[in-house]
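# Fold and contact review
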Amino acid sequence: MLLNSQFNVDTSINDEQPPPKIQRVEFDDTILVREPGLRFPIWEHPVNQHDEIRRAYIKAGPYQPNYPEFPRSKFGIQYRRFQSSWFSKFPWLEYSPQKDAALCFPCFIFEKKIANRCTLTGEGFINWKVVFDAFSMHVGGLNSPHSNAVNYCDDLMNVDRHIDKVMNAQSSEDIQKNRLRLMATIESIRWLTLQGCALRGHDESIDSKNHGNFIELIKFERKLDGNIADVVLEKAPKNAKYTSPLIQKEILHIFGNKVRNKIREEVGDAKFCILVDEAKNASNREQMVIILRYVDVQGFLRVRFFHIVHIKDTTALTLKKEISDVLTRYNLDIHNMRGQGYDGASNMRGAWNGLQALFLNDCPYAYYIHCFVHRLQLALVAAAETESSIWLFFSKLTSVVTLVDASPKRHTELQSAQAIEIEHMLDTGEHETGRGANQIGTLHRPGTTRWSSNFDSICSLVDMFTATIKVLEIMFEKGSSNSIRREAKGVLLAMKSFEFIFILHLMHRIIGITNLLCRALQHKSLDIINAMDLVSTTKALLHTLREEGFDPLMMHVKSVCTQYDFDMPDMSARYKIAPGHTCQHKDVLRV
């Protein structure tokens with residue numbers, strides 16, 4: 001992001017013109033002057049071309065002409081001349097025919113603009129009488145100017161050792177390591193979110209034995225891949241570990257945005273419905289869940305969890321604003337909404353100021369539908385509230401489950417008793433063998449918010465009735481305290497009563513029918529036509545159960561009481577025939 005565009009910084013200063021940029025001119029090595037006596041010092045060329053000129057000269061090498069005879073010069077009474085054999089003894093040496101002089105090629109390459117120039121880089125050396133002493137003195141030691149110039153030539157031609165190349169190579173290596181670290185983090189978070197596991201642990205310090213799912217999963221990846229082991233956790237830089245909670249949240253947000261963008265692509269320009277509900281989380285913050293229901297481009301009905309939003313209150317205006325903001329953020333037109341699904345709270349279903357009314361003002365085709373499962377729940381609760389014996393039954397049922405399954409010891413005794421019972425029934429032929437049959441289970445506690453959980457609790461007690469009775473009898477006889485024995489006795493007496501057994505099997509039949517409807521209404525592919533058909537079918541089954549009367553149920557209850565040797569009340573003494581009715585159980589009136 002540009003600094004000026006982000007903060008609107010004015011970079012002009014007193015209307016002065018910025019300094020002109022230096023134009024880079026490429027050096028043409030075809031006009032390279034090879035003759036040492038005719039060429040210019042490198043420092044006289046433009047400064048931005050120095051390295052290019054040096055490379056060109058180094059590639060060409062020292063000027064070492066191979067003449068049969070070099071010109072002679074008189075020294076006293078003797079004539080002396082330059083010898084071509086000196087080139088092999090001094091590889092850096094070059095000869096200028098123009099000056100009839102010897103020069104140093106490396107020193108010329110890296111010569112600086114100074115007042116006193118070296119003889120071998122200025123006018124040239126011409127005293128052929130003391131060549132070896134002069135040349136040896138010029139070479140000098142390891143840190144002499146000549147040795148430094150030779151090293152500079154080697155470094156200049158060794159591109160891989162240039163600072164920009166070294167920095168780029170190091171930067172590329174760091175990039176690969178950072179990508180590997182980040183990939184390990186991303187894949188770990190992806191797997192944990194797919195499995196619905198928590199990322200962080202209670203203690204992620206160095207001395208901790210368990211650093212949480214996220215860190216431990218990266219350790220596992222480190223064992224499988226040596227490349228990952230060399231770059232993650234303690235071997236990673238402290239500023240680039242990519243394991244902090246902030247990085248984890250950022251990656252999770254990226255995942256969430258990608259999923260929402262994919263859902264948005266599936267919706268396209270099609271019509272859609274919204275399903276909304278709100279609840280408080282563990283930190284007592286109000287959250288609203290938004291679910292989209294639509295038909296994708298392939299014609300399949302989809303129900304997608306789209307977003308979860310923190311809201312400051314649950315008023316209809318606040319809920320509408322948050323929902324509208326989410327839909328607008330992902331370019332979902334409110335006018336394409338064709339349905340709203342909420343619960344029956346007043347802020348949701350209010351005909352004038354409720355959430356559904358506010359959306360209907362914007363889109364008259366967004367019809368509101370009260371959640372069918374929630375309506376079924378309310379209907380069952382309302383029906384059960386009219387009969388006190390039903391509520392007393394569920395209270396006793398909760399007491400049975402709580403007492404029997406309160407400790408691991410009792411739970412083990414319950415499963416042992418059930419295993420013995422199943423084995424006995426298999427031996428006598430009362431149960432058949434098969435895949436998934438005759439499983440040893442446990443008692444289910446009925447829930448307070450879902451009526452269908454009562455069916456699971458009733459089914460578990462019906463299946464484990466004999467085992468439950470045995471565990472309660474053991475508790476009554478060998479309980480560790482008087483309070484436990486008295487409580488076991490009270491629960492045992494309630495279970496052995498005719499009323500408890502009668503209501504247990506009655507509710508098993510009734511809730512069994514409504515539970516099928518409850519589960520069917522939660523199918524993602526269910527439409528309104530099939531939903532109404534299922535409601536009608538459930539009503540017909542309940543009506544048939546009512547018309548059949550209590551005769552089939554009474555026969556079953558009597559067989560259960562006979563099996564366990566429970567007392568049966570005298571039915572003829574407690575009921576009388578209503579005037580004008582035939583003698584059927586459905587037409588009798590309680591005295």
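Further up the page is the structure itself.
Quick look at the structure, then.

Cut-off values and rules
- Residues numbered from 1 in each chain as written.
- Predicted model: local features only at pLDDT ≥ 70, side-chain atom pairs only at ≥ 80, totals over all residues.
- Heavy atoms only, no water.
- Axes fitted to C-alpha atoms, helices over the stretch in contact; angles between N-to-C directions.
- Helix = DSSP H or I, 4+ residues; strand = E, 2+ residues; numbered from the N terminus.
- Parallel < 35°, antiparallel > 145°, perpendicular 65-115°, else oblique.
- Left-handed = near helix turned anticlockwise from the far one by under 90°.
- Contact = heavy atoms within 4.5 Å.
- Nonpolar A, V, L, I, M, F, W, Y, C, P; charged D, E, K, R; others polar.
- Pairing = 2+ DSSP bridges.
- 1 Å grid on protein atoms, 1.4 Å probe; cavity = no way out; pocket = protein on both sides within 12 Å on 5 of 7 lines; lining within 4 Å.
- Points joined across faces, edges and corners; volume = space filled by probe spheres on them.
- Patch = residues over 30% accessible without salt bridge, like charges linked within 9 Å, V, L, I, M, F, W, Y side chains within 5 Å.
- Areas by Shrake-Rupley, 256 points an atom, 1.4 Å probe, with all protein chains shown as cover.
- Salt bridge = Lys/Arg side-chain N within 4 Å of Asp/Glu carboxyl O.
- Buried < 20%, exposed > 50% of the residue type's maximum accessible area, 1.4 Å probe, protein only.
- Core = buried A, V, L, I, M, F, W, Y, C linked by side-chain atoms within 4.5 Å.
- Expected span 1.5 Å × (residues − 1).
- Arc of directions from axis to C-beta.
- Phe/Tyr/Trp six-rings, centres within 6.5 Å; stacked < 30°, edge-to-face > 60°.
- Lys NZ or Arg CZ within 6 Å of the ring centre and 35° of its normal.

## As for the packing of helix 20 (residues 498-520) against helix 22 (residues 551-564)
Relative orientation and spacing of two packed helices are given, respectively, by the angle between their axes and the distance between those axes. Viewed as axis vectors pointing N to C, helix 20 and helix 22 meet at an angle of 130°, and their least axial separation amounts to 10 Å. What the angle tells us is that helix 20 and helix 22 run oblique. Our pair here, helix 20 against helix 22, has a crossing hand that is right-handed. Two secondary-structure elements touch here, helix 20 through Phe498, Ile501, Phe502, His505, Leu506 and Arg509 and helix 22 through Pro552, Leu553, Met554, His556, Val557, Val560 and Cys561. Among the residues forming the contact of helix 20 with helix 22, the class breakdown is 10 nonpolar, 2 polar and 1 charged.

## Focus: the pairing of strand 2 (residues 78-81)
Judged from the 4 bridges that link them, strand 1 (residues 72-75) and strand 2 form a sheet pairing that is antiparallel. Across the sheet, residue lysine 74 finds its bridge partner in strand 2, namely tyrosine 79. If you look at the hairpin formed by strand 1 and strand 2, you'll find 2 residues sitting between the two strands, and glycine 76 has a positive phi there, around 70°.

## Considering the side chain of asparagine 336
By the secondary structure assignment, asparagine 336 is in the loop between helix 11 (316-329) and strand 8 (337-342). Ignoring sequence-local partners within four residues, the contact set of asparagine 336 consists of Asp269, Ala270, Lys271 and Phe272.

## Re the layout of surface pockets
Within this model, the second largest pocket holds a volume of roughly 1300 Å³. Looking at the second largest pocket, it is lined by 39 residues, and the ones nearest its centre are Leu275, Cys371, Phe372, Val373 and Leu521. The residue makeup of the lining of the second largest pocket, split by class, is 22 nonpolar, 10 polar and 7 charged.

## Quick notes on a nonpolar patch on the surface
Taken together, the side chains of Ile369, Ile528, Ile529 and Met532 define a hydrophobic patch exposed on the protein surface, amounting to about 370 Å² of accessible area. Sorting elements by how many residues they give to the nonpolar patch places helix 21 (residues 528-548) first, with 3 residues. Structurally, the position occupied by isoleucine 369 is in strand 9 (residues 368-370). A relative accessible area of 38% means that isoleucine 369 is categorised as partly exposed.

## Some remarks on the environment of arginine 200
With respect to the element layout, arginine 200 can be found in the loop between helix 7 (163-194) and helix 8 (213-224). Along the primary structure arginine 200 and asparagine 213 are separated by 13 residues, whereas in three dimensions their C-alpha atoms are 6.2 Å apart. The contacts of arginine 200, once residues within four sequence positions are left out, are Gly212, Pro245, Gln248 and Lys249.

## Side note on the pairing of strand 7 (residues 301-310)
Bridge count for strand 6 (residues 286-295) against strand 7 is 9 bridges, and the pairing is antiparallel. In the sheet register, valine 289 faces strand 7, and the bridge partner there is isoleucine 308. Hairpin geometry of strand 6 and strand 7 is characterised by an intervening segment of 5 residues between the two adjacent antiparallel strands and by a positive phi of about 90° at glycine 299.

## So, the pattern of salt bridges
Enumeration according to the criterion identifies 12 salt bridges in this entry. Note that lysine 219 is salt-bridged to glutamate 216, the shortest N-O span being 3.8 Å. Placement of both lysine 219 and glutamate 216 in helix 8 is noted, with a separation of 3 residues, approximately one turn of the helix. Residue lysine 219 is classed as partly exposed on the basis of its relative accessible area of 23%. For glutamate 216, a relative accessible area of 27% puts it in the partly exposed group.

## Quick word on the nonpolar core
Nonpolar side chains tend to gather and get buried jointly when the protein is soluble and globular. Formed by 43 residues in total, the largest nonpolar core has its most connected members in Phe393, Leu461 and Met495. Non-local contacts of leucine 461, meaning those with residues more than four positions away in its chain, are made with Leu397, Val400, Leu443, Thr468, Met495, Phe500 and Leu504.

## Let's talk about helix 8
Helix length check: helix 8 (12 residues) gives 17 Å between terminal C-alpha atoms against 16 Å at 1.5 Å per residue, within 8%. Taken together, the buried positions of helix 8 are Phe214, Ile215, Leu217, Ile218 and Glu221. Seen along its axis, helix 8 keeps its buried residues to an arc of 160°; they face one direction.

## Focus on the packing of aromatic side chains
Scanning the model with the defined rule gives 23 aromatic pairs in all. Taking 6.1 Å as the distance between ring centres and 45° as the angle between the ring planes, the aromatic pair formed by phenylalanine 90 and phenylalanine 132 counts as tilted. You can see phenylalanine 90 sitting in the loop between helix 3 (86-89) and strand 3 (93-96) and its partner phenylalanine 132 sitting in helix 5 (residues 131-139), a full 42 residues away along the chain. Among the aromatic side chains, those forming a connected cluster through ring pairs are Tyr67, Phe70, Phe82, Trp86, Phe87, Phe90, Trp92, Tyr95, Phe125, Trp128, Phe132 and Phe135. Over the ring of phenylalanine 108 we find arginine 39; its NZ or CZ atom is 3.9 Å from the centre of that ring. Looking at lysine 320, its charged tip hangs above the ring of phenylalanine 359, at a distance of 5.4 Å from the centre.

## Quick notes on the packing of helix 15 (residues 388-404) against helix 19 (residues 482-495)
Running from N to C, helix 15 and helix 19 point in directions that differ by 135°, and their axes come no closer than 10 Å. Judged by the inter-axis angle, helix 15 sits oblique to helix 19. Crossing handedness for the pair helix 15 and helix 19: left-handed. Facing helix 15, whose interface residues are Lys396, Ser399, Val400 and Leu403, helix 19 presents Glu487, Ala488, Val491, Ala494 and Met495. In terms of residue class, the contact of helix 15 with helix 19 is built from 6 nonpolar, 1 polar and 2 charged.

## A few points about unusual backbone geometry
We note that aspartate 100 has phi near 50°; this positive angle belongs to a residue other than glycine. Relative to the assigned elements, aspartate 100 resides in the loop between strand 3 and strand 4 (101-104). Backbone geometry at asparagine 331 places phi at a positive 55°, although glycine is not the residue there. Along the chain, asparagine 331 falls in the loop between helix 11 and strand 8.

Nothing here speaks to function; it is all geometry.
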